[in-house]
2 protein chains.
Amino acid sequence: MKLKERVLISVMAGLVMLTMIVVLEAETSLTAPSRTRTPAHARVHYAFRQRHLQKTSNASREASLSAAASAQVGVVSDDSAPPPPPAPGALAGAGADSGREKRTGTPATPPDSFSDLAEAALKASNNSKVVRRRNHWNPCLGELLGLELRDNSTLWDKFHLSISRDELYAAEDPTVDRLLRHVATAPITHIALKEGGTQLKLLIEFADGGHALFKPMRFPREQQTLKNHFYFTDFERHNAEIAAFHLDRLLGFRRAVPIVGRVVNMTRELYAFAQGELLKTFFISPDGNLCFHGKCSYYCDTAHAICGNPDLLEGSFSVYLPGKEVAPRRVWRHPWRRSYHKRRKAQWEVDGDYCQLVQEVHPYTDGRRLLDMADMAVLDFLMGNMDRHHYETFKMFGNNSAPIHLDHGRGFGRAFHDELSILAPLRQCCVIRLSTLASLLRYHSGPAPLSAALRSSLSADPLSPVLWEPHLHALDRRLGLVLREVRHCLRKARDPSRVIVEDFH
Amino acid sequence: MKLKERVLISVMAGLVMLTMIVVLEAETSLTAPSRTRTPAHARVHYAFRQRHLQKTSNASREASLSAAASAQVGVVSDDSAPPPPPAPGALAGAGADSGREKRTGTPATPPDSFSDLAEAALKASNNSKVVRRRNHWNPCLGELLGLELRDNSTLWDKFHLSISRDELYAAEDPTVDRLLRHVATAPITHIALKEGGTQLKLLIEFADGGHALFKPMRFPREQQTLKNHFYFTDFERHNAEIAAFHLDRLLGFRRAVPIVGRVVNMTRELYAFAQGELLKTFFISPDGNLCFHGKCSYYCDTAHAICGNPDLLEGSFSVYLPGKEVAPRRVWRHPWRRSYHKRRKAQWEVDGDYCQLVQEVHPYTDGRRLLDMADMAVLDFLMGNMDRHHYETFKMFGNNSAPIHLDHGRGFGRAFHDELSILAPLRQCCVIRLSTLASLLRYHSGPAPLSAALRSSLSADPLSPVLWEPHLHALDRRLGLVLREVRHCLRKARDPSRVIVEDFH
């Protein structure tokens with residue numbers, strides 16, 4: 001082949017890809033997909049279904065983790081059994097063996113344009129049946145509750161009543177940004193310990209009656225997850241919560257609860273409103289800073305106190321969703337959740353056919369939920385979040401509604417390590433939403449890489465810079481790794497049209 | 001005064017001081033001192049005596065700390081009472097107010113030769129009645145137990161039986177160094193969790209039947225006490241234990257238990273011998289390191305595990321004293337111990353006349369014990385150890401015996417801060433042993449400052465360099481501060497001969 005021809009082919013391939021991205025972007029019609037179906041050969045695993053995928057209540061969540069894990073995984077059958085004797089030379093290997101993946105850098109070869117994926121996405125888009133989005137049933141809470149928004153409705157009402165089955169807020173709705181600006185400055189009138197979590201959280205009430213969940217800063221931005229800490233002993237990071245909300249929005253999910261950063265004056269805005277058990281935990285540290293530690297199951301003691309400088313404290317403010325009495329939620333155990341035990345693996349870590357089991361169980365048999373798991377895996381992998389044990393949905397939207405992306409305090413912990421096991425739902429089920437793939441391809445090939453987009457988005461937060469730069473760089477590297485997983489799926493799939501799927505979302 | 005005269009006087013002062021040091025060094029005869037006496041006006045404070053100075057058993061030591069503190073100090077009368085509302089501007093001040101002292105650097109003025117102290121020490125030495133040291137009753141354990149050393153006695157027996165009333169080992173005895181070299185390499189045959197302490201310790205048994213207490217490394221040398229941590233939440237440092245032993249020896253006390261550093265192979269030397277509850281706490285961390293956390297009241301969980309690299313672990317090995325069945329010990333509550341509570345002060349922190357109370361109570365009424373408290377204060381101040389809550393003595397030596405310097409894991413935590421409150425026994429009682437002062441003056445004026453002497457001494461340890469350089473530099477700075485305290489005492493004393501005291505030690 002002559003040089004001229006080669007150049008011509010390259011240019012054409014590039015044009016095809018660009019065209020495809022533009023088409024996907026502009027597309028308002030969506031398609032009835034040929035979805036992943038329950039394999040004909042599958043048997044129903046009742047025990048599995050009961051143990052793994054049952055809904056659980058929010059309470060006693062953590063307590064049930066180990067017990068359930070011990071029942072399911074045969075790796076170490078009994079808590080009292082000692083670990084297998086480690087061979088001194090094999091220690092590093094033993095770590096890698098336990099689901100850990102080595103750091104993967106950008107390859108030295110020229111950047112991959114993933115034009116094959118772009119073509120496949122285009123094909124998936126063309127194949128699917130065009131359905132006008134306006135025919136898609138996507139009610140919002142206001143409609144279902146019979147409550148209408150008025151011009152003088154509060155920002156809180158506007159946000160709450162506009163939450164729809166498919167997303168927490170619409171792409172073009174300015175309410176969320178307005179609400180976040182409000183939360184960043186609104187007068188605080190009441191605080192209380194948030195019960196039920198493992199690490200310290202405060203329930204904040206504002207003068208206008210709105211509520212937010214406060215997670216305090218513990219460490220500077222550049223402190224990473226301690227190298228010998230597990231995902232379940234990692235400290236929560238307030239800035240990870242903020243960054244995760246922005247990342248979820250940039251990826252087009254809009255399923256993460258809106259979160260904003262704010263510096264509070266601990267004396268006037270926390271101590272002044274603290275009462276009872278919480279009040280008793282305030283003290284002045286040897287360095288002259290105001291500190292408190294609250295009450296919770298992990299890290300709530302004098303040795304792990306939250307301290308101001310001397311009484312100024314950063315934190316994340318997560319906007320409260322509508323009260324559970326108004327819009328009750330369902331809590332689902334995540335099928336790919338980890339063992340939450342330092343010597344055990346979850347079943348999905350040892351069973352290559354795990355996805356088949358999942359696909360036999362409601363609500364993963366049909367509908368959107370398996371695609372949602374893949375989306376969540378992409379979001380979590382990009383930020384390195386291994387702590388996705390449960391998720392929630394609004395009951396009134398039924399089972400075919402979007403999951404809510406909650407609790408990302410353990411994301412953005414290790415900037416130089418890519419935890420490929422987080423991608424298990426994508427890798428094992430080999431399905432991804434067309435819109436998600438398009439979004440990833442756009443960041444990969446477009447003028448603004450994901451890192452730049454997130455940096456820009458986060459610059460609006462009061463705590464900017466929210467993320468340590470290496471975490472931003474990691475996003476672009478990991479995005480390429482997600483695309484490689486999709487390519488791998490396409491190559492091994494008997495029917496590639498089952499890999500890239502467009503559903504009604 | 002002319003320049004010539006000034007120079008002459010300076011030279012003479014220097015000569016006087018040098019002579020005095022030489023005299024003290026060479027002196028083998030000791031003096032019957034005019035000791036601090038119970039003030040005639042003193043009343044007997046039974047309640048005080050009972051609460052503060054009673055002997056306590058080793059067990060439930062920590063548990064009793066807060067309770068006793070709450071009973072004694074009226075600063076905050078009830079645990080449930082909230083702290084006083086901190087004023088935002090006054091926070092730093094509030095910290096300083098709670099016994100904290102600001103960093104004190106070496107003054108810009110020319111170095112102080114402390115020739116006045118040297119003169120006072122010389123005078124104290126001349127005033128005292130000369131008694132031949134051989135007439136001084138200083139039995140060793142072997143004598144009291146009726147056990148004689150033989151040529152083939154083990155190093156353990158040689159060390160144990162040579163422990164005398166005045167010191168754990170003699171200055172010229174080579175046994176301790178031999179024993180430490182042995183402990184640094186002797187085969188380990190058994191390990192067990194050491195009960196009763198707050199932080200993780202292992203009881204190590206060697207092939208020859210000897211025992212040591214193992215404290216593992218947690219952090220690199222340069223990590224200091226976390227700024228918002230109290231003395232009672234500070235992590236223990238294995239290297240502080242080692243350095244404290246060397247420092248105690250350099251100061252001529254020889255009351256600290258011999259300690260040596262050693263790198264253990266966790267797999268072959270710990271894991272292989274671990275059993276029961278201890279064994280269950282071993283695991284491989286996400287970074288592929290072998291870890292364990294043991295069981296104890298603080299920092300014994302997965303989040304605070306001790307981890308090797310990948311299974312090599314540094315630790316301090318503290319030589320066991322003779323078993324309590326052979327040589328029982330008495331545990332004394334330290335009169336100047338702190339409150340061990342984040343919002344309370346001990347009585348000595350608020351009562352300027354506290355020493356008078358102490359001097360009314362046995363064994364501080366007469367004998368050596370008050371001088372021992374001053375010595376301990378000097379040792380602790382030099383290394384910044386605020387965690388001196390109890391001390392022990394061998395029962396068979398009676399009450400006029402040397403206290404044992406134990407448990408220095410919380411020394412050497414803050415290299416740039418000098419905690420003057422540690423000197424309270426010296427400051428409030430204004431007594432110091434002549435030999436201690438001479439030792440301090442020698443390091444201050446001699447060719448080798450204390451930092452150099454300790455650096456040199458520690459270079460023999462297998463874990464050399466044991467201390468981060470700033471901790472060594474701090475020693476010289478703090479030594480000057482001790483001498484200033486003594487000068488302050490001499491200046492305000494009605495009878496300076498009661499300040500610098502030579503006793504039978």
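The shown structure was predicted, so the numbers you read here are calculated from the model rather than taken from an experiment. (Residues numbered from 1 in each chain as written. Chains lettered and ligands numbered in written order. Predicted model: local features only at pLDDT ≥ 70, side-chain atom pairs only at ≥ 80, totals over all residues. Heavy atoms only, no water.)

Student: What is the right way to look at the overall build of chain A in this model?
Tutor: Assigned secondary structure in chain A consists of 18 helices and 14 strands. If you take every contact in chain A between residues at least 6 apart in sequence, the share linking residues at least 24 apart comes to 76%. (Helix = DSSP H or I, 4+ residues; strand = E, 2+ residues; numbered from the N terminus. Contact = heavy atoms within 4.5 Å.)

Student: So what exactly am I meant to see when it comes to the pattern of salt bridges here?
Tutor: Charged atoms that come close allow side chains of opposite charge to pair. The tally for this structure, following the rule as stated, stands at 54 salt bridges over all chains. In this structure, the salt-bridge partner of Asp177(B) is Arg249(B), at a minimum N-O distance of 3.1 Å. Note that Asp177(B) is positioned in helix α8 (residues 175-183) and Arg249(B) in helix α9 (residues 238-250), a separation of 72 residues in sequence. Three or more residues joined by partner-sharing salt bridges are found here, namely Arg165(A), Asp166(A), Arg255(A), Arg368(A), Asp372(A), Asp375(A) and Arg433(A). (Salt bridge = Lys/Arg side-chain N within 4 Å of Asp/Glu carboxyl O.)

Student: Quick question: what am I supposed to make of the sheet that holds strand β8 (residues 290-292) of chain A here?
Tutor: Sheets are built from strands that pair by backbone hydrogen bonding, the pairs being arranged parallel or antiparallel. Residue and element names in this part refer to chain A. Taken together, the three strands give an open sheet; going across it, the order is β7-β8-β9, and neighbouring strands pair in antiparallel fashion. Every interior strand has two partners, whereas the edge strands, β7 (283-284) and β9 (306-307), have only one. Of the pairings in the sheet, the one linking β8 to β9 comprises two bridges and is antiparallel in character. In the sheet register, phenylalanine 292 faces β9, and the bridge partner there is isoleucine 306. (Pairing = 2+ DSSP bridges.)

Student: Can you help me understand the pairing of strand β6 (residues 259-265) of chain A in this one?
Tutor: Looking along a regular strand, one sees the side chains alternate between the two faces of the sheet. All names here are of chain A. With respect to burial, β6 is a largely interior element, six of its seven residues being buried. Where β6 and strand β10 (residues 312-319) come together, seven bridges link them in antiparallel fashion. Within β10, the position partnered with isoleucine 259 by the bridge is serine 318. (Buried < 20%, exposed > 50% of the residue type's maximum accessible area, 1.4 Å probe, protein only.)

Student: Looking at this structure, I do not really get the packing of helix α17 (residues 450-458) of chain A against helix α18 (residues 469-492) of chain A. What am I missing?
Tutor: Axis angle and axis distance: for two packed helices, these are the angle between their axes and the distance between the axes, and together they describe the pair. Residue and element names in this part refer to chain A. α18 packs onto α17 with a crossing angle of 140 degrees between their chain directions and a minimal axis gap of 8 Å. One way to sum up the angle between α17 and α18 is to call them oblique. The hand of the α17/α18 crossing is right-handed. Here Leu450, Ser451, Leu454 and Arg455 of α17 come into contact with α18, specifically with Glu469, Leu472, His473, Leu475, Asp476 and Leu479. (Axes fitted to C-alpha atoms, helices over the stretch in contact; angles between N-to-C directions. Parallel < 35°, antiparallel > 145°, perpendicular 65-115°, else oblique. Left-handed = near helix turned anticlockwise from the far one by under 90°.)

Student: How should I be thinking about helix α7 (residues 155-162) of chain B in this particular structure?
Tutor: Side chains that are three or four residues apart share a direction in an α-helix, a result of its 3.6 residues per turn. Every buried residue belonging to α7(B) is among Trp156(B), Lys158(B), Phe159(B), His160(B) and Leu161(B), and all of these are buried. Looking at the buried residues of α7(B), the elements they touch are α6 (141-145), α8, β4 (202-206), β5 (211-216) and β10 (312-319) of chain B.

Student: Is there a simple way to explain the packing of helix α9 (residues 238-250) of chain A against helix α14 (residues 369-383) of chain A in this structure?
Tutor: Residue and element names in this part refer to chain A. Axis separation between α9 and α14 bottoms out at 11 Å; the angle between their running directions is 130 degrees. Comparing the axis directions of α9 and α14 gives the class oblique. As α9 runs across α14, the sense of the crossing is right-handed. In this structure, α9 contributes Ala244, Leu247 and Asp248 to the contact, and α14 contributes Leu379, Leu382 and Met383. For the contact of α9 with α14, the residue count by class is five nonpolar, no polar and one charged. (Nonpolar A, V, L, I, M, F, W, Y, C, P; charged D, E, K, R; others polar.)

Student: For this particular structure, what's the right way to read the side chain of Thr302(A)?
Tutor: By the secondary structure assignment, Thr302(A) is in the loop between β8 and β9. A polar contact is formed between the side chain of Thr302(A) and the side chain of Lys342(B), at a distance of 3.3 Å. Leaving out residues up to four positions away in the same chain, Thr302(A) has contacts with Phe283(A), His293(A), Phe230(B), Thr233(B) and Lys342(B). (Polar contact = N/O pair within 3.5 Å; in protein donor to acceptor, adjacent residues only side chain to side chain.)

Student: It is not clear to me how the state of the cysteines should be interpreted in this structure. Could you clarify?
Tutor: All names here are of chain B. Enumeration over the complete set of coordinates arrives at eight disulfides over all chains. Between the sulfur atoms of cysteine 296 and its disulfide partner cysteine 300 the distance amounts to 1.9 Å. Its S-S torsion of about 100 degrees marks the bond between cysteine 296 and cysteine 300 as right-handed, since a negative value means left-handed. Between the sulfur atoms of cysteine 355 and its disulfide mate cysteine 429 the distance is 1.9 Å. Between cysteine 355 and cysteine 429, the S-S dihedral sits near 110 degrees, and the bridge is therefore right-handed. (Disulfide = S-S within 2.5 Å.)

Student: Mind showing me how you'd approach the sheet that holds β4(B) here?
Tutor: Residue and element names in this part refer to chain B. On the basis of which strands lie adjacent, the open sheet formed by five strands has the order β3-β4-β5-β10-β6 and antiparallel pairing. Where the open sheet ends on each side, the last strands, each with one partner, are β3 (188-193) and β6 (259-265). Strand-to-strand twist of the sheet, defined as the mean angle between neighbouring strand axes without regard to direction, takes the value 35 degrees. Sheet topology note: the β3/β4 ladder contains five bridges and is antiparallel. The partner of isoleucine 188 across the bridge, within β4, is phenylalanine 206.

Student: For this particular structure, what's the right way to read the packing of aromatic side chains?
Tutor: Each aromatic ring pair is summarised here by two numbers: the centre-to-centre distance and the angle between the ring planes. Enumeration over the complete set of coordinates arrives at 36 aromatic pairs over all chains. Note on Tyr271(A) and Phe282(A): the rings are 5.1 Å apart at their centroids and 75 degrees apart in plane angle, and the pair reads as edge-to-face. Here the residue Tyr271(A) occupies a position in the loop between α10 (266-270) and α11 (276-279), and Phe282(A) occupies one in the loop between α11 and β7, the gap between them amounting to 11 residues. Take Phe282(A): its relative accessible area is 1%, and that puts it in the buried class. An aromatic cluster of at least three residues, connected via ring pairs, comprises Phe230(A), Tyr231(A), Phe232(A), Tyr340(A) and Phe283(B). Its guanidinium or amino end placed over the ring of Trp332(B), Arg369(B) lies 4.5 Å from that ring's centre, counting from NZ or CZ. The ring of Tyr443(B) carries the charged tip of Arg442(B) above its face, separated from the ring centre by 5.3 Å. (Phe/Tyr/Trp six-rings, centres within 6.5 Å; stacked < 30°, edge-to-face > 60°. Lys NZ or Arg CZ within 6 Å of the ring centre and 35° of its normal.)

Student: Just to check I follow, could you spell out the confidence of the model for chain A for this structure?
Tutor: Do not read the fine detail of predicted coordinates wherever pLDDT is low. Looking at chain A, the pLDDT average stands at 84 and 76% of residues meet or exceed 70. Predicted complex, confidence summary: ipTM 0.79, pTM 0.81. (pLDDT = per-residue confidence, 0-100.)

Student: What's the story with the nonpolar core in this structure? I'm lost.
Tutor: Generally speaking, a soluble globular protein has its nonpolar side chains buried in company with each other. Core analysis: the biggest nonpolar cluster contains 104 residues, and Leu247(B), Leu270(B), Phe292(B), Phe317(B) and Leu382(B) have the highest contact counts within it. The element that contributes the greatest number of residues to this core is helix α18 (residues 469-492) of chain B, accounting for nine residues. Excluding anything up to four places from it in sequence, Leu382(B) contacts Leu247(B), Leu251(B), Leu440(B), Leu450(B), Leu475(B), Arg478(B), Leu479(B) and Val482(B). Counting residues in each nonpolar core, the second largest holds 103 residues, with Phe245(A), Tyr271(A), Leu278(A) and Leu379(A) among its members. (Core = buried A, V, L, I, M, F, W, Y, C linked by side-chain atoms within 4.5 Å.)

Student: How do you make sense of α9(A) when you look at a structure like this?
Tutor: Residue and element names in this part refer to chain A. End to end, α9 covers 19 Å across 13 residues, agreeing with the expected 18 Å (1.5 Å per residue, within 8%). Burial analysis of α9 places 12 of its 13 residues in the buried class, which makes it a mostly covered element. For α9, the full list of buried residues reads His238, Asn239, Ala240, Glu241, Ile242, Ala243, Ala244, Phe245, His246, Leu247, Asp248 and Leu250. Following α9 by one or two positions, glycine 252 has its phi on the positive side, about 85 degrees. (Expected span 1.5 Å × (residues − 1).)

Student: Help me out: how do you make sense of the side chain of Asp248(A) in this one?
Tutor: Residue and element names in this part refer to chain A. Note that aspartate 248 resides in helix α9. Of the side chains with opposite charge, arginine 255 lies nearest to the buried aspartate 248, which makes no salt bridge, at 5.9 Å. Apart from residues lying up to four places away in sequence, aspartate 248 is in contact with Tyr169, Phe253, Arg254, Arg255, Ala256, Leu379 and His405. (Lys, Arg positive; Asp, Glu negative; His and termini not counted.)

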